[in-house]
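# A structural walkthrough
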Amino acid sequence: MVESDNSNSVEASVAEAPPEPVLRVAPSPHLSKTAVTTRWMMSDVLLGLLPVLAMAVAIFRWYAVAQVGLCILTCLAAEALFTRMRGKPITLSDGSAVVTGAILGLSLPWSAPWHIAVIGSVVAIGLGKAAFGGLGYNIFNPAMVGRAFVMLSFAKELGASAYVSTQSQLTVVTQATPLTAAKKLAADLAAGTITMGEAQVHLESARQLWPLFLGNVNGSLGETSALAVLIGGLYLCLRRSASWEIPTGVILSAFILAGAANLLGLTPFTALYHLVSGSLLFGAFFIATDPVTSPLSPRGKFTFGLGIGALVVLLRLFSGYPEGVMFAVLLMNAVVPLLNQWTIPRPVGGPAPQRT
Amino acid sequence: MTSTATGRGTFARGVHPPERKHLADQAPIEVLPTPPEVRIALLQHLGAPCEPILKPRTEVALGDVVGQAKGFVCAPVHASIAGTTGRNSVATLPNGRHVAVVPIKAAKQQPLSGQALFDDILGGEWPTDGLDQYQPQTIADAVRDAGIVGLGGAAFPTHVKLTRNPEKPIQTLLINACECEPYLTSDYALMMESPAPIITGALLAQRATGVHEVIICLEDNKLDAAERLRQAARGTTVQIRILKTKYPQGGEKQLTVAVLGKEVPTGGLPLDVGAVVLNVGTAAAVARAVVRGKPLTHRIVTVSGRGVEHPKNLLVPIGASYRTLVEYCGGLTADAARLVAGGPMMGFTIGSLEVPVTKGASGLTVLTADEVRKAEETTCLRCGRCVDVCPLNLVATKIAMASKANDMDLAQRYHITACMECGCCAYVCPAGIPLVQLIRLGKVRLPKG
């Protein structure tokens, strides 16, 4: 069986010469790219999240700090608790619980009460990770497991109305989130409560892409600024801490499907609007790219991304939710083992003959 | 006829480990002083072991046969020094095999040593025309009798490659001068100091195999060696092709892709795409065998790494112990931690300095504690970096985990037998998983068939 490099040590001493160094025997390769470790990858993801975190704090002030901080702390505590319960050594220092907490926190609305952050984090780590065997063994994205759990359990606190507070000092939260507004607009039009002309007025102001891009709109903590997400996300792709095939697939299929829907009149908003609104970009770069729950091969990753992008647009158009990134990701996570099997890369020189 | 060299000069994926060739690439080849004893291994090639034919206490001269070849895929072994044989014993080679060795105690007077020995082996004139006087079968026989095997490391008996197979004609001879492993500079030193026999050997191999084209392939970190080869090859049809420096460009499957644009079928040989690959040192040995009628008794070994005091390129007799080499290079440093026979990516560690040098030994790399790969393993994150670097496009982590769990069906579905154990995957793995070792474990666990 594989043993560590101190399985065999030979010491030889020569009479006159100084004592020889201890020589160890180990399997090749004997070099490694020492800089890149799991911990480095997690730290890199956190670095990539910094622009998003910064924008969240800039827009939502104290709420962002509290929400994200609480999620991170609870995730760390939950991981410590569950690994202790499983009798395994505690590996908090690998940084994965911090990343889960940060992403979960950023996907919550500013107004979610503290108990939602706590419950979400405990479920994320407990059900999403520990129950499967810990880091590397889970099938579903832990942050999204926690998010979906609290979404379904606390519908009111996390529903569209939770994002709005007309009395707040933060001007952004006095308006509904762009996608909620879009959904309401579409519903009103269909019900006939507003005329097309009135709808157009609303549409014109809602269609302004710039605020969406910069982040001056309402939404969950991490989703509002597309610019921040792009900066952080591209950084991760360049450093190979996130596989670029996944966000490429997400953006491509979302763009095509939203564009087609726009042309067919199913949505008044353009493909570009759909891209920068909601948490599509945040999901594409930070949630879908979780390595444990995404496929192994480049083709598999791209297909995975395509599926998520398509599902997000479909959920936006046809489901009751204004936004569906978490469900899209969880659904595609379930398909990952199949994608892996379907996209086994062809070896150079062709498949190997099988021995029975 | 049009050239077969239509490859784009590199292959997909691969890694870029630090080259660190500067430690030894300026060192001129030094002839190792005759050691007091050599131990000639009776199996130092791929194939059947040699049969010992000498009784103990027989006097042998430099170049006498001490082990006869048995079967076709075998090559005889010869005495690399003048002396007296002892009783056969067993040595453990770096790959872990226990093989019989013929010890030879050095005679007080050696006929050749120092510069004279160098000149006898590599120096002097090497013809580049008039080689048609040698018949193909004569060349193959001379190569076999000289005990020549692949000096690049695989140690496959060369005469097998030079014997024509009517069912599988070959068009191209590739001379592999890539030397893609970090630290190693033995092929480089040979090309810089003694390029002539390489050209002669390449032309002789061409005569034997009947190929249309001969191409010497080098990485672009050896442009000065390429220039030496070009000068030596002037007036001949031998071509020089420069390839992008990347590990493992020296692997023959990567070589055929980069130079010829063809993929060797999994489980097959370059023969299947009409090519044969010879190491540049092997070519020089072929020249010596055919033109001068001398057997393979010495080879250039790079002793390098930060764990040795004075890295050098040495011309050593086969069978010298690694201890002799290390002592000649000033000994190990205090922080030496690992002795690797070969390069750090694919070489085998040796646990004792008494291991004898064999024909396939291109170098001894002594790694220090801080540069050695740490054995701290964490869980696989399925990040896919191993997939991104595998030169053969395999999913290393899946094969490794399947092997670990003894799920050989799954391992085979991911083409475990195609793996060449180059080490790119384990090199980049952020979790520090010993992927290559797990794949080796899997290969052992495969059903036989």
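Residues numbered from 1 in each chain as written. Chains lettered and ligands numbered in written order. Predicted model: local features only at pLDDT ≥ 70, side-chain atom pairs only at ≥ 80, totals over all residues.

### A short note on the overall build of chain A
This is how it is decided: Put simply, DSSP marks the helices as runs of H or I at least four residues long and the strands as runs of E at least two long, and each gets a number from the N terminus on. Using C-beta atoms placed from the backbone, we call a residue buried if 20 or more other C-beta atoms fall within 10 Å of its own, exposed if 12 or fewer do, and partly exposed for counts in between. Here, residue contact means that the backbone-derived C-beta atoms of the two residues sit within 7 Å.
For chain A, the helix and strand inventory stands at 15 helices and two strands. A buried classification covers 51% of the 356 residues belonging to chain A. Restricting the contact set of chain A to residue pairs at least 6 apart, pairs at least 24 apart contribute 71%.

### Quick look at the sheet that holds strand β12 (residues 239-243) of chain B
All names here are of chain B. The following threshold applies: Strand pairing requires that DSSP identify at least two bridges connecting the strands. Axis geometry follows a simple rule: fit a line to the C-alpha atoms, using only the stretch in contact for helices, then measure angles between N-to-C directions, giving values from 0 to 180 degrees.
Reading across from one edge, β12-β11-β10-β13 is the order of the four strands in this open sheet, with parallel pairing throughout. Pairing within the sheet leaves two strands with one partner each, and these edge strands are β12 and β13 (275-279). Averaged over all adjacent pairs, the angle separating strand axes in this sheet is 30 degrees, with direction ignored. Packed on one face of the sheet, helix α6 (residues 223-232) meets β11 (213-219) and β12 and runs near 170 degrees to β12.

### Overview of the nonpolar core
Most often, soluble globular proteins have nonpolar side chains that are buried together. This is how the line gets drawn: When buried Ala, Val, Leu, Ile, Met, Phe, Trp, Tyr and Cys residues are joined through C-beta atoms within 7 Å, the set is termed a nonpolar core.
Core analysis: the biggest nonpolar cluster contains 253 residues, and Ile175, Ala202, Cys217, Leu325, Ile399, Cys425 and Leu435 of chain B have the highest contact counts within it. Ranked by residue count, the leading element in this core is helix α1 (residues 38-60) of chain A, at 10 residues. When neighbours within four sequence positions are excluded, Leu325 of chain B is seen to be in contact with Leu32, Val301, Val303, Leu314, Val316, Ala320 and Leu364 of chain B.

### Examining the domain arrangement of chain A
Often the size quoted for an interface is simply the accessible area lost on bringing the parts together. Residues and elements named next belong to chain A. We apply this condition: For the domain bounds, the source is a domain assignment made automatically or taken from a database.
In terms of domain boundaries, chain A breaks down into domain 1 (38-158) and domain 2 (169-336). Of note, the centres of domain 1 and domain 2, computed from C-alpha atoms alone, are 21 Å apart. Across the boundary between the two partners, domain 1 contributes 34 residues, which contact 31 residues of domain 2. Those elements giving two or more residues to the side of domain 1 that touches domain 2 turn out to be α1, α2 (62-85), α3 (96-107) and α5 (142-153).

### Let's talk about the confidence of the model for chain B
Filter applied, for reference: Per-residue confidence from the predictor is given as pLDDT, running between 0 and 100.
Put simply, chain B has an average pLDDT of 92, and 100% of its residues get 70 or more. Both confidence scores are given for the complex: pTM 0.88, ipTM 0.87.

### As for the domain arrangement of chain B
All names here are of chain B. Worth spelling out the cut-off: The residue classification treats Ala, Val, Leu, Ile, Met, Phe, Trp, Tyr, Cys and Pro as nonpolar and Asp, Glu, Lys and Arg as charged. All others, Gly included, are polar.
Each assigned domain of chain B is listed here: domain 1 (21-29 + 116-291), domain 2 (32-109), domain 3 (301-368) and domain 4 (385-445). On a C-alpha basis, the centres of domain 2 and domain 3 stand 20 Å from each other. Counting residues at the interface gives 16 residues for domain 2, matched by 19 residues for domain 3. Elements supplying a minimum of two residues to the side of domain 2 that touches domain 3: β2 (37-41) and β8 (89-92). Here the side of domain 2 that touches domain 3 is built from residues that sort into 10 nonpolar, five polar and one charged.

### Notes on the pairing of strand β10 (residues 172-176) of chain B
A regular strand carries its side chains on alternate faces of the sheet. All names here are of chain B. In terms of burial, β10 is largely enclosed, as five of its five residues are buried. In β10, alternate side chains face the same way, and those of Thr172, Leu174 and Asn176 on one face and Leu173 and Ile175 on the other are all buried. In this sheet, β13 lies alongside β10 in parallel orientation, the contact comprising five bridges. In the strand pairing of β13, Asn176 is matched with Asn279.

### Topic: the confidence of the model for chain A
In low-pLDDT segments, the atomic positions of the prediction should not be examined closely. Across chain A, the average pLDDT comes to 83, with 85% of residues at or above 70. In this model, residues 1-16 of chain A is a region of pLDDT below 50 whose contacts with residues beyond four sequence positions or in other chains number 25 contacts.

### Some points on the sheet that holds strand β5 (residues 65-68) of chain B
Strands pair in a sheet through their backbones, by hydrogen bonds, and they do so in one of two ways: parallel or antiparallel. Residues and elements named next belong to chain B. The three strands lie next to each other as β3-β5-β6, forming an open sheet whose pairing is antiparallel. The outermost strands of the open sheet, each flanked by one partner alone, are β3 (51-52) and β6 (77-78). As paired elements, β5 and β6 share two bridges and run antiparallel to each other. Paired with Gly67 across the strands is Val77, a residue of β6.

### What to know about the interface of chain B and chain A
Taken together, the 66 residues of chain B in the interface contact 46 residues of chain A. Broken down by element, the side of chain B that touches chain A gets its largest block of residues, five residues, from strand β16 (residues 336-341) of chain B. The residue inventory of the side of chain B that touches chain A, partitioned by class, reads 40 nonpolar, 18 polar and eight charged.

### Some thoughts on helix α15 (residues 325-342) of chain A
Residues and elements named next belong to chain A. Just so we agree on the cut-off: Multiplying one less than the number of residues by 1.5 Å gives the expected span of a helix. The quantity called bend is, for any residue, the angle between two axes fitted respectively to the seven residues ending at it and the seven beginning at it.
With 18 residues, α15 extends 24 Å from end C-alpha to end C-alpha; this agrees with the ideal 26 Å at 1.5 Å per step. Of all the bends in α15, the greatest reaches close to 45 degrees and is centred on Val336; the proline Pro337 follows between one and four positions later. Within the span of α15, buried status applies to Val325, Met326, Ala328, Val329, Leu330, Met332, Asn333, Val336 and Leu339. Contacts made by the buried residues of α15 are with α5, α13 (280-287) and α14 (298-318).

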